[in-house]
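Chain and residue survey
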Amino acid sequence: MSSGRSLLSVGLVVTFLSGCTVGPNYKKPAVPAPPEYRGLSPDQAGRSTAVSFGDQKWADAFQDETLRDLIQTALKQNYDLRIAASRILEARAQLGITRADQLPTVSGTASAANERTPQAVGRPAIDTSASQVGLSAAWELDFWGKFRRATESSRASLLAQEWAQRQVMSSLVSDVANAYFQLRELDLELEISRQTLATRRDSLRLTQILADGGATSMLDVRQAEQLVYAAAASIPDLERRIEQQENFLSILLGENPQAIARGRKLVDQPHAPEVPAGLPSSLLERRPDVRQAEQELIAANAQIGVAKADYFPHISLTAAGGYQSSALTGLFASPAGLWTLGGGAVQPVFEGGRIKNRVRLARARTQEATLVYQRTVQEAFRDVSDSLVGYRKNQEFRVQQEQLTHSAEEATKLSNMRYKGGATSYLEVLDSDTRYFSAQLSLAQAELRELQSFVEIYRALGGGWETP
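Definitions and cut-offs
- Residues numbered from 1 in each chain as written.
- Predicted model: local features only at pLDDT ≥ 70, side-chain atom pairs only at ≥ 80, totals over all residues.
- Heavy atoms only, no water.
- Helix = DSSP H or I, 4+ residues; strand = E, 2+ residues; numbered from the N terminus.
- Buried < 20%, exposed > 50% of the residue type's maximum accessible area, 1.4 Å probe, protein only.
- Contact = heavy atoms within 4.5 Å.
- Phe/Tyr/Trp six-rings, centres within 6.5 Å; stacked < 30°, edge-to-face > 60°.
- Polar contact = N/O pair within 3.5 Å; in protein donor to acceptor, adjacent residues only side chain to side chain.
- Salt bridge = Lys/Arg side-chain N within 4 Å of Asp/Glu carboxyl O.
- Axes fitted to C-alpha atoms, helices over the stretch in contact; angles between N-to-C directions.
- Parallel < 35°, antiparallel > 145°, perpendicular 65-115°, else oblique.
- Nonpolar A, V, L, I, M, F, W, Y, C, P; charged D, E, K, R; others polar.
- Left-handed = near helix turned anticlockwise from the far one by under 90°.
- Core = buried A, V, L, I, M, F, W, Y, C linked by side-chain atoms within 4.5 Å.
- Pairing = 2+ DSSP bridges.
- pLDDT = per-residue confidence, 0-100.

Moving on to the overall build of the chain. The helix and strand inventory of the chain stands at 10 helices and 4 strands. Counting from the amino terminus, the chain carries its helices and strands in the arrangement α-α-α-α-β-β-α-α-α-α-β-β-α-α. In terms of its C-alpha atoms, the chain occupies a principal-axis envelope of roughly 140 × 65 × 45 Å. Burial status across the chain gives 40% buried among its 468 residues. Taking the contacts inside the chain whose residues are at least 6 apart along the sequence as the reference set, 83% of them involve residues at least 24 apart.

In structure tokens form, the structure reads like this:
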């Protein structure tokens, strides 16, 4: 009865002492969040809601079915995402290794030996044999929380890798969308160039007929040829860029360079004129890079406790038991049993400042991780503000570019009418047509920038990492 009470008392003492942990507990750094994002439109300013565009799943954010298929393929096959998944497995295994330090280690042993001592003067030959089996256990008690702090750090590192994978996923969704829209913009430029080339060839034939009839000079023919050659020269360059863009998109998909399927045209891609940005405070819970930086801070903070625990004694228990006999048949007989129990403590006395500097190192790394976290939060706020103002201003630019293109188209029609009526030279036609062609290409690029700003808002708000 008394031995049972003693064991209970020892267990309670061990439990109490093992509940002590040195080092600071994690406290989230204060990062002031603005009341609302800068860059909101006048209609949005002052009426921010909790609803955020980043909360939408990527399948809802992008309506082009072909683009959805491409994103789905990328999420399955992209190498960067698969590398990030492998890092999660590494961190999970490291957590298991670290957590095992809190538990006893048990080892089994078995040995057998036969020995013969040769005959000597006055002594016969001697044969001896010995067999032994046993178990040994060792346990370093976590009195000061060193192993628990290390486990806390490893667990935070695992969560950081999980958020890192989500960050890769979010960036991948945005990269595929941007690359696809870039491809569709190049397709539109190629379509414009081919249409322009066909129109200019018709104009060249007409000018040649007029020159043959003496109604105009060869100078007009040469100027018409310049328009044809300029449009023709743009086509092979666009075809090169399109094929290279397909190669780039193929790599994002985790595939070898190949042709890419097309869906809706660039001008038919749906996107809302305004998107809800949500509350800035919620961005800290939404953005994967912010969450990753926080988990890395938690891991660094726990390492302070690991370092400080070395100031205190390392207390360990050992035990061993088994059987030893000179005859294998009598190995497990009662007299053959043996056992040992022991305990020990090791207190560092002189380390040359090693422990102190380890603590300093851990504190410095925690301070660095704190600053990285705070910087990441500020950069997240900036990303959202930049994307909001970029989307709004790119919309305004696209509207103006549409008006410019319409005006250049009308000017080209009037120039052709004036030339055919003999009221002007072909130089005016050349100038108007060149301006119209340039305006069409600029409008296509403006459409692309607007869509890319739309994608950037989605990424900046932390969208894209949730599976549909």
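Text resumes after the structure shown.
Turning next to the packing of aromatic side chains. The final tally for this structure, using the stated rule, is 10 aromatic pairs. With 5.9 Å between their ring centres and 45 degrees between their planes, Y391 and F454 make a pair best called tilted. Residue Y391 is found in helix α9 (residues 354–420), and its partner F454 is found in helix α10 (residues 426–460); the two are separated by 63 residues along the sequence. Accessibility assignment for this pair places Y391 and F454 in one class, buried.

Let us now look at the side chain of T66. Counting through the fold element by element, T66 comes out in helix α3 (residues 65–77). The exposure class of T66 is buried, given its relative accessible area of 18%. A polar contact is formed between the side chain of T66 and the backbone oxygen of R262, at a distance of 3.5 Å. Those residues within four positions of T66 in sequence are excluded, and the remaining contacts are Y180, A261, R262 and G263.

The next point concerns the pattern of salt bridges. Across all of its chains, the model carries 34 salt bridges by this definition. A salt bridge links E152 to R149; the shortest N-O distance between them is 2.9 Å. Residue E152 and its partner R149 are both found in helix α5 (residues 146–212); the two are separated by 3 residues, about one turn of the helix. Judged by its relative accessible area of 22%, E152 is partly exposed. R459 serves as the salt-bridge partner of E456, at 2.6 Å between the closest nitrogen and oxygen. Taken together, the positions of E456 and R459, both in helix α10 and 3 residues apart, correspond to about one turn of that helix. We classify E456 as partly exposed; its relative accessible area is 27%. Note on R459: relative accessible area 17%, which makes it buried. Shared partners join several salt bridges into a network, and the residues in it are R287, D289, D383, E456 and R459.

Glancing now at the packing of helix α4 (residues 79–100) against α5. When two helices pack together, their arrangement is given by the angle between the helix axes and the distance between those axes. The contact between α4 and α5 brings their axes to 9 Å, and the two run at 170 degrees. Classed by the angle they form, the pair α4 and α5 counts as roughly antiparallel. Packed against α4, whose contacting residues are D80, L81, A84, A85, R87, I88, A91, R92, Q94, L95, T98 and R99, the element α5 presents A150, T151, S154, R155, S157, L158, Q161, E162, Q165, V168, M169 and L172 at the interface. Residues of the contact of α4 with α5, tallied by class, amount to 11 nonpolar, 7 polar and 6 charged.

Glancing now at the packing of α5 against helix α8 (residues 288–308). Viewed as axis vectors pointing N to C, α5 and α8 meet at an angle of 165 degrees, and their least axial separation amounts to 8 Å. Taken together, the axes of α5 and α8 lie roughly antiparallel to each other. Considering how the two elements wind past one another, α5 and α8 form a crossing that is left-handed.

Counting residues in each nonpolar core, the largest one holds 76 residues, and the members touching the most others are Y37, F62, V176, F181 and L249. If one sorts the elements of this core by residue count, α5 sits on top with 17 residues. When residues no more than four places from it in sequence are discounted, the contact partners of F62 are L67, R68, I71, V173, A177, F454, V455 and Y458.

This next bit is on the side chain of Q292. Relative to the helices and strands, Q292 resides in helix α8. Filtering out sequence-adjacent residues up to four positions away, Q292 remains in contact with A160, W163 and A164.

The buried fraction of strand β1 (residues 105–117) is low, at 0 of 13 residues. One ladder, built from 13 bridges, connects β1 with strand β2 (residues 126–140); its direction is antiparallel. Bridged to S107 within β2 is S136.

With that out of the way, let us pick up the confidence of the model for the chain. Put simply, the chain has an average pLDDT of 89, and 93% of its residues get 70 or more. Looking over the chain, one finds the lowest element-wise mean pLDDT in helix α1 (residues 2–18), namely 46, and the highest in α3, namely 97. Low pLDDT (under 50) marks residues 1–13, which in the prediction has 0 contacts with non-local residues, meaning those over four places away or in another chain.

With that out of the way, let us pick up the environment of T207. Of note, T207 is situated in helix α5. Taking the C-alpha atoms as reference points, T207 and M218, 11 residues apart in sequence, are found 8.8 Å from one another. With near-sequence residues (within four places) excluded, T207 lies in contact with T216, D220, V221, A224, Y419 and Y426.

Assignment of secondary structure puts P270 in the loop between α6 (218–252) and α7 (280–286). On a C-alpha basis, the gap between P270 and Q63 in space is 6.7 Å, while along the polypeptide they are 207 residues apart. Every residue in contact with P270, bar those within four places of it in the chain, is listed here: Q63 and R264.

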